[in-house]
Each structure stands twice: as C-alpha cells, then as structure tokens.
Amino acid sequence: MPSNQVELLQGTLDLLILKTLALAPLHGLGISQRLEQVTRGTFQVKPGSLFPALHRMEERDWLASFWGESENNRRAKFYELTRTGRRRLELETERWKQISIAVARTLEANS
Amino acid sequence: MKWLSLGSSFFRNLFRRKQAEQSLDDEVSSYVELLVAEKMKRGLTEQEARRDARLEMGGSSQIKEEVRNIRVGAWLFTFLQDIRHGLRLLRNQPLFTLAAVLIFSIGIGANTTIFSMVNGLLMRPVPVPGSERLTYLIQKRDRWRNGFSYPDFEEVRRQAGEAFSDVAALRIFQMDGLSVNGKSQPIWTEYVTSNFFSMLEVRPAMGSLIPSSQNLKSKDPVMVVSYSYWKNHLGGDPNIVGQKATLNGTLVTIIGVTPEGFTGLTPILETQGYLPLGMYASTQPQQNKDDLSDPRGDGVLVFARLQDGITLGKSQSVLAVIAHRLAAENPATKKDLMIRAASLGSGMLSPDGSNSLLAASILFFVLSGLLLLLASANVANLLLVRAIGRNREMAVRSALGARRFRLVRQVLAETLLLGLLGCAGGAVLGSVGSSIISRVPLQSDIPMVLDFHFDWRVFSFAVGAGVFLTLVSGLVPALRAARVNLNDALRESSRSYSSHRQRFRTFLVVAQVGGSLMLLIVAGLFVRSLHNVQNLDLGFDPGHVINFGVDPHTAGYDDVRGREFYRELLERVRALPGVESASLAATIPMGPEDLGAELKIEGYQEAPGQPKPAADMNLVSSSYFQTMHIPVVHGRHIQDTDTETSQRVAIISEAMAQTYWPGRDPIGRTFTRSGDPGHTWQVVGIVKNIRKGLLMTPVSPALYVPMAQDYRSRQTLQVRTSAISSEAITQIIGLVHSMDATVPVFDVRTMTQALDSPDGFLLFRLAAAMASSMGLLGLVLAVVGVYGVISYSAAQRTHEIGIRIALGARPGQVLKTILRQGVMIVLCGLAFGILAAIAIAKLVGSFLVDVSAVDPVTYVGVSALLASIALLASFIPAWRATRVDPMLALRCE
C-alpha cells in the first residue's frame, strides 16, 4: 500500500472518531458501531486500527478516557473530547470541507 | 501545553509501564466482552459469539504491539528492551560474545593506535590562542621551501598588514650550551624576532617573554626557557627569573618560562629555549654567522597570524602581489618568486608535498583500515552463523506482532552492544599500542615530543570506528535475520539450509583471505626490506665504535681554544688502554646532520639542465678512516700535517671520482667550494664509498676534508675500542670533563645504536614491526574465518555425509568434497589478495630498500604460507566430517 493512502485514511479516521465523540463519550466498541451505523456500513473500523488511533489521539491530548459502565452494566473504557480535541475537530472539519470541495471541482472540470 | 501533555504521557509511559500495560489489557478484553454480549443479544450462543468476536478482533497481541508503538517514547522502551534482551543473549553465549568482542577490539585497537600517531604527529594544534588563524609561509624559487632570507621576511611583514595581523620569524632549532650556577648542559634553542611571542599571544608561566621592541633583531642579552626544560633540567628552580647564565659563553639573563605544554612551532621537535634573533651573531661560532643580511639566504622560518575575517585563500592573493613585486624588483635572483601561506593548525609539512610522514600515515591508515574491514567481515560471519540458529526465535516474534524493522533493530542493538564492548577493548589495546610506539628509543638526545596520548579526537575516532564496525558487520546479518518466512521457520526442519546465506558467508571469507594476504604481503615486503637494510654493505664497520658528541663552543671556547682542546683530547683518548683508534668527524652516518658542498671542479662542465656538481662533505681529523675502517684505495690518508696553513687537501669517494673525473686519475686535481671561493682544494686520496644516510637512494659522491682546514666546533669523537663496555664510556666522558667540566658531552652511543636512529634503520624496523603485527592479526582473522565457514558447512552436511558413507563412500571421497570448498575459497582469496597488493604497490614501494613492491619471492612465499595455513584450517573440519558415524548422523534428524 503506498504511504500517502495510509496517511489519508489515518487522518480521515481521526476526523470520524472526533466527530463521533462530539455528541457524547463512548467506549471503543460504541465508537465503531456508531461509525458503521452512521456511514451505513461504508466504514467498518477494525480494532486493529481503532485502538492505535484512540491511543494516539489520547497521547496528543485530543481525547481523555475514563472507566465506566456500559449500557448493559459492563466495565468499559470511555473516551471523550477534550478542549484541544474540540478545536481539532473544527480545524479538521474545515480542512476536510476544503478538500472535498476542491476534489469535487476537479472532478467536474474534467468531466 | 502540547509539550506539557506529551511530556506527562512520556513519563507515565516510562515510569508507570505496568499500569499502562494492565489498562491496555483490560481495555482490549472489555472490548471483547462487550462484543460477545452484543452478539449474544442478537441470538448467538456464547460459544458462537466468542468465536465470531475473536475473528473480528484479529490478533489481540498484534493490536497491543501496535498501540505500544504509538505511545510517546516508544522508541526508548523498545531500545531499552532490545538492550536488555541483547545483554541476556550475550550472557547466554559467552564464547560467541568473547570472540566477537575480541575481534572488534583488535580491529579498533589497531586503528586507534595508528590514528593516535597521526593525531600526535599531524593533527594536534599548537597550544596557543586562536591557533587556527596561525600560518607559516613557504616560498618557491627553484623549488618550494620553508626558509626565507631575513630581508624578504621584513618585506613581507611590511607589506602584508592587509592580510596578517603580525608576521614573525625564527632561526630554526639548534643546540647551544647553557650554563647556570656552574652547571652546564645542552639546550635546543630558537632565535626569534621580538614580536614572536606577542604574535602567538602566549602568556608566560613565570616572568616575562622576549619583549616586543621596534627592533625585530633585538640584541637584548635575555632568554626564555620552556616549562619542561625548567622542570627537568633546571630543577624547577623557583628563583629562575632574573637568573644570570652563560649561553655558549655569552652572558644572558633568564627572564621567563613558557607555559606548560608549549613546545614551539616546529612539529615533533621540542624547543627548550628562545633568544632574541639579534643575539645570534654574538652566541654563534664564526662559521655559522652567515647570512641574516644576505638577500639570497634562507635562514629564517616565517610565521604569520591571519587578520580576523581574512581567510587563508584571501591571504594568498595578498602574498601573490608581494611576491610579484619582489620578483619585479630583483629580476636576477627572484624571477618567478611565489609565496604562499599554509595553515599551522595541522602541523608543518614539508612544502614540496613529498612528506614521508604523511605518506607513511596514509599507508598505515590503509593497512589498519583493511584490518578493520577484516574484523567486521569476521564478526558479520559469526552473526550470520548465529542468526541461523535464531530463525525460530525471529519467526515467533514476528508472529506475535513484531514488525520487520523492529527485528532489524533488535539484532543491531545486540551488535551495538558488542561494538561498545569492542570499543572499550579497542581503546585499551590502542592506548597500550600507542604508548609502546611513543616509547620507542630514538637514539638521539634531540628533544622530541612524541606525544600520542588519547585526546577527544582519538576517542571520537575509536567510537566512530566502533559504530562503523557495528553497522558494517551488523546490518546484513540483521536484515537477513529479520527476513523470516514464518511457514518455513516454524516447520520443524533444521535441515532447511539456505544456500543463499551460505554464499554470502563464503564471499566474506574469500574477502578475508584476500585482505589478509594483502596485509601479509606488505608485511613480507617490509621485513625483506628491513633485512636488506640491515645487511646493506655500509662501507664501514660500525662494530666496536663509540660516538661522543662534543661542542666546546657551547662552553664559550673560541676557534683557537677549540682546536687546542680537540688536539689535546685526541692525544689523551688515544693514550687510553683498549683504544685502537680515535678521531673526530663533523657528521656521522645516519646522524641528524648533513653537510653538503656545491663545487666548481677544474675541467668539469655539467651538461645543460643538470644540477651543479655537489657532494656530501665531512670534516674529519687524522685517523678517521682507520677508526671507521674505510679502506683507502688510492693516495693517502688525512694527516696531522694537514693544517690551517698548509695546502687545502681532500679525500674523495670512489663515487665522486667516477662522477666528476670519469676515466681519469683524480689525484692532484683541484676544485673550489662555492661557499669558500678563496681556497683551492687538491685531491690527495680516494676511499671506498660508504652509506651515510638515505638508504633508498644510490650512494652520492662524498668528500672528506681535514678538520684543521675547515674547523667546526661541534664534533663527534669516534673511538674504536677493543671491547665496548660501560666502563670505557664512563672513562672517556670523565676524560672530557677532567679537561673542562663545562664542556657538554651528548649523544653518547655506540655506532650500532646510532645507526638505529630515525634517519637510519629505526623507521624501517618500526614499519616492519607494525606491518608484521597487522599481517599476523589479519592472518588470525582469516584462519578463524575459513575454519568457521568450513566447519559450519560440514556440520550442515552431516546428514548428507552420513547417507554417502552409509551408501559406501570412502572417507577420502568425503574429504575431497568438503575440502573442495576450502580450496576454492583459498584460491579465490589469493587471487583477490594479490590484485589488492599490486594495487597499493606504488604507495608501499617508496618505503622499500632493494626490493620491488611486486617482488615475486614475497608474493609467492607469503601466498604459499597463507594457503597452507588456510587449507589446514579447512582440513580439520573436513577430516572430522569423514569420521561421522552414519547411524548417528541419520538418527539425529
């Protein structure tokens, strides 16, 4: 896999996770189910990419975590946005919009 | 803020690892539990749900490894982990560790030794402030030289202010006699312009230095002594400043001591005292008072300090303008004059670029660098062998989520540990080696600084060599080890033997054999050359001759009293029991000094373009040829009747007779010397040629004139005794001192010892010893390599050999199969080594006497030696392979 593709996917995953957590704190499985639900199955985030992404964002202080109870009373690690995380979300959203507009224009121009 | 949080994560990760690990475990397992619960809610049984969940998860240990890699400071943990793991492995394989560390140490030690020499001789800067801005000037008239005439120096100093903040000059290094409180001893001095110390910005350790004055050739009767001379020869006298003393009989006042560690600007030589340049005329004997005002002289060395902001390159153009101007003003004598500045930072090299010190350094650097490569090939081989045994370990680790990069790093970390241990060992070996070399007796009383101690440069070099070794020897094995095929490796099959890997190892061993052959050939050439040097027909008999350096002028004797002193000395020495013959000579073979004379020979005209006739000259007393056992073939000896007032006479060597009077009888013919046109010298005898120096060139023409007719105060008293004993030596020194206790006696050596000087055999002996030790080390490495490869491949083929023997193969056939590989390795290695040796033949050739750099005897002999040792090394494992019990060999699979 060429590295620029990894880079893009990774950045996108971060954005999606941030967005998902903007409403309420969620645990890992919650995040991946929510993503699958919202994107109608387009994105299925495997634990192999989810965990590293969560931990990376936590180390960067975008997310904070705490242990809590899941909806069916099981112990689970929850993640929530920090203040830095929210700012990051705005920034990333803005950037994503620019990119998608630019890509859309390019595609139209060429058609 | 961001850095703060990164920092806190870093410390959490670093110090609360256990908690972090536990939390990660919990998180992953709670994820699984939630997933299972989710699936069970959808109606699966618990068993099905767990199975599905596990499939969805993938490998949980891989996930954890991924997360660990993401953590801040992950590289540090993994590095520490690698190191810990490496240490454990090395401890578990003490033999392997010992071998690898030893090989590393040898490679690094040899290189560090050579480097510490190069550092001490060529790289260590002069210990003065801003030494990188110090330069020395060289000029080209007929050829490049260091020496300038004093008037030229003054011109340069006056005109070069644009580029240089100051320009100073000195008269180089010579021996004077210093007498303090009635005790007199030799002192090696330089006569400097009065701005010398202010240009260097040197501060005195005590008192003051030569004072700056308008008059550069100040005649103040003062002198400065060096710190080590003050400590070692003046007893560290605290009241030395202001002390009255006599230098060569002239009254001077010692006004100060130079700082510790300052040994002057000339490399290697240690200057012990400094006097004002203007003092030169009053302290030196008549015949040395040549040429300070002579515009054609070359008696002073010129040093200059660059202005701030002026580069060396910029200063060259300023000097070029000055040279051009001087040439234009003196078209007769200074046509095409060129002047350049060279940085003093890296020592003073001879200006024509033919610096043998530099060439020798390069040669030995090449050789020791080769040894380093051999060492790294050897370690690489060891690592490769070990890597084969670790295939399974690597496979398991990569199955558990270790990335390939991680495995490479792991193996490199282990090699790095070996490299560090090797560095330590190498530094120890290197300091031993360099201290051995700096203690080599130089057979001369000339004070020298052979300081090869370890400074930061040597240490960084050793560390650099270690890192180089680590990378070179570790990288390929590391990449190989990490390239594991899980399926192959995990399948139980130790017989799956990679021929590719074996091929690389074979290549390494071929390179080792070749490299060590090259080292051995060079060693062989040096040894043969040394042998030739030591068996050279010198033309005189050094046995039973003792030399004593004497110089009455340094005790204040003028020429008349000096001649009288020597006349009486010879008389009394010849009367001693056991003395067969005694005589005086201005220079001795292989000695530090040489005299030459440019000649005008009656009836001889040099061919156009050829140099003017010239000869080595020696000034000798009567009996000189008897003392040295130089046969007179024609005419007569020098006699006591040859005096100041009689006809000037000369004895010439056969080489001189053949050069300047070919086919004619030279006896009775005359010549004049360029420096002394007033006297005509008449040839009265012919002697056999002798070797006086420069062993690498043909014998040059030589002439001998009576000391009485050309008096020099510095002489070597040469005494042929029936037996050399320390009593005889003490007796003769005592005799000189009984005549005058203030006359110094120095450079007391037997003639055999004197031949072992830096100008004589010493360098040949050193070079042969150094090349031989490198050759032997290389040989050991090569033999270990050959043995290792053959015994490994024999072990790999145990199974195959077992089958062959079981099927009826005779031991001889088995032996042949195994040996064939050894023979191939050795043959390829030999070819490679011979080519490599021929490639550096030119560099080696300039150091050899009477032996060609492609000497077939050496090449064949050394190749045969190496081949037989290497074949023996491969024969042992091959022979062992033939003793394999087929049943055992087959069963052990």
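About the thresholds
- Residues numbered from 1 in each chain as written.
- Chains lettered and ligands numbered in written order.
- Predicted model: local features only at pLDDT ≥ 70, side-chain atom pairs only at ≥ 80, totals over all residues.
- Helix = DSSP H or I, 4+ residues; strand = E, 2+ residues; numbered from the N terminus.
- Buried ≥ 20, exposed ≤ 12 C-beta atoms within 10 Å, placed from the backbone.
- Contact = placed C-beta atoms within 7 Å.
- pLDDT = per-residue confidence, 0-100.
- Nonpolar A, V, L, I, M, F, W, Y, C, P; charged D, E, K, R; others polar.
- Expected span 1.5 Å × (residues − 1).
- Arc of directions from axis to C-beta.
- Axes fitted to C-alpha atoms, helices over the stretch in contact; angles between N-to-C directions.
- Left-handed = near helix turned anticlockwise from the far one by under 90°.
- Pairing = 2+ DSSP bridges.

1. A closer look at the overall build of chain A
- The secondary structure content of chain A amounts to 4 helices and 3 strands.
- Per-residue burial for chain A yields a buried fraction of 26% across its 111 residues.
- The long-range share in chain A, meaning contacts at least 24 apart out of those at least 6 apart in sequence, stands at 47%.

2. What about the confidence of the model for chain A?
- For chain A, mean pLDDT is 82; residues scoring 70 or higher make up 89% of the total.
- In this model residues 1–8 of chain A is a low-confidence stretch, pLDDT under 50, and it forms 1 contact with partners more than four residues away in sequence or in other chains.

3. Regarding unusual backbone geometry
All names here are of chain B.
- Located in the positive-phi region is Asn-248, a residue other than glycine, with phi close to 50 degrees.
- Along the chain, Asn-248 turns up in the loop between β8 (244–247) and β9 (250–257).
- Notably, Ser-623 is not glycine yet its phi reads approximately 70 degrees, a positive angle.
- Within the secondary structure, Ser-623 sits in the loop between β16 (614–620) and α19 (624–628).

4. Side note on the interface of chain A and chain B
- Chain A puts 18 residues into the contact, and the matching count from chain B is 19 residues.
- Of all the secondary-structure elements, those providing two or more residues to the side of chain A that touches chain B are α2 (28–38), α3 (47–59) and β3 (75–81) of chain A.
- Here the side of chain A that touches chain B gets 7 residues from one element, more than from any other, and that element is α3 of chain A.
- Here the side of chain A that touches chain B is composed, by residue class, of 5 nonpolar, 6 polar and 7 charged.

5. Thoughts on helix α18 (residues 559–574) of chain B
All names here are of chain B.
- Here α18 spans 22 Å end to end across 16 residues, near enough to the 22 Å set by a 1.5 Å rise per residue.
- Those residues of α18 lying buried are Gly-562, Phe-565, Tyr-566, Leu-569 and Val-573. What you see down the axis of α18 is that its buried residues fit within an arc of 95 degrees, all on one side. Among the exposed residues of α18, those pointing more than 90 degrees away from its buried face are Val-560, Glu-564, Glu-568 and Glu-571.
- Along its buried surface, α18 packs onto β14 (579–585), β22 (715–721) and α21 (726–739).

6. Considering the environment of Thr-113 of chain B
All names here are of chain B.
- Relative to the assigned elements, Thr-113 resides in helix α6 (residues 94–123).
- Exposure remark for Thr-113: the 27 C-beta atoms within 10 Å place this residue in the buried category.
- For the pair Thr-113 and Val-458, spaced 345 residues apart in sequence, the C-alpha separation works out to 8.9 Å.
- Those residues in contact with Thr-113, other than ones at most four positions away along the chain, are Gly-430, Gly-433, Ser-434 and Ile-437.

7. Notes on the packing of α6 of chain B against helix α15 (residues 456–482) of chain B
Residue and element names in this part refer to chain B.
- As a packed pair, α6 and α15 sit with axes 9 Å apart at the nearest point and diverge in direction by 145 degrees. The two elements α6 and α15 cross, and the hand of that crossing is right-handed. Each of Phe-104, Gly-107, Ile-108, Asn-111, Thr-112, Phe-115, Ser-116, Asn-119 and Met-123 in α6 lies in contact with α15, whose residues at this interface are Arg-457, Val-458, Phe-461, Ala-462, Ala-465, Gly-466 and Leu-469.
- A per-class count over the contact of α6 with α15 returns 9 nonpolar, 6 polar and 1 charged.

8. A look at the pairing of strand β20 (residues 676–687) of chain B
Residues and elements named next belong to chain B.
- Two elements, strand β17 (residues 632–635) and β20, share 3 bridges in a ladder whose sense is antiparallel. By the bridge assignment, Gly-635 is partnered in β20 with Gly-685.
- As defined by bridge partners, strand β19 (residues 670–673) adjoins β20 across 3 bridges and the pair is classed as antiparallel. Following the sheet pairing, Arg-673 is matched in β20 by Asp-676.

9. Considering helix α11 (residues 312–329) of chain B
- Between the first and last C-alpha of α11 of chain B there are 26 Å, a value that for 18 residues agrees with the 26 Å anticipated at 1.5 Å per step.
- Where α11 of chain B is buried, its residues contact α7 (150–159), β4 (164–180), β11 (300–306) and β12 (338–343) of chain B.

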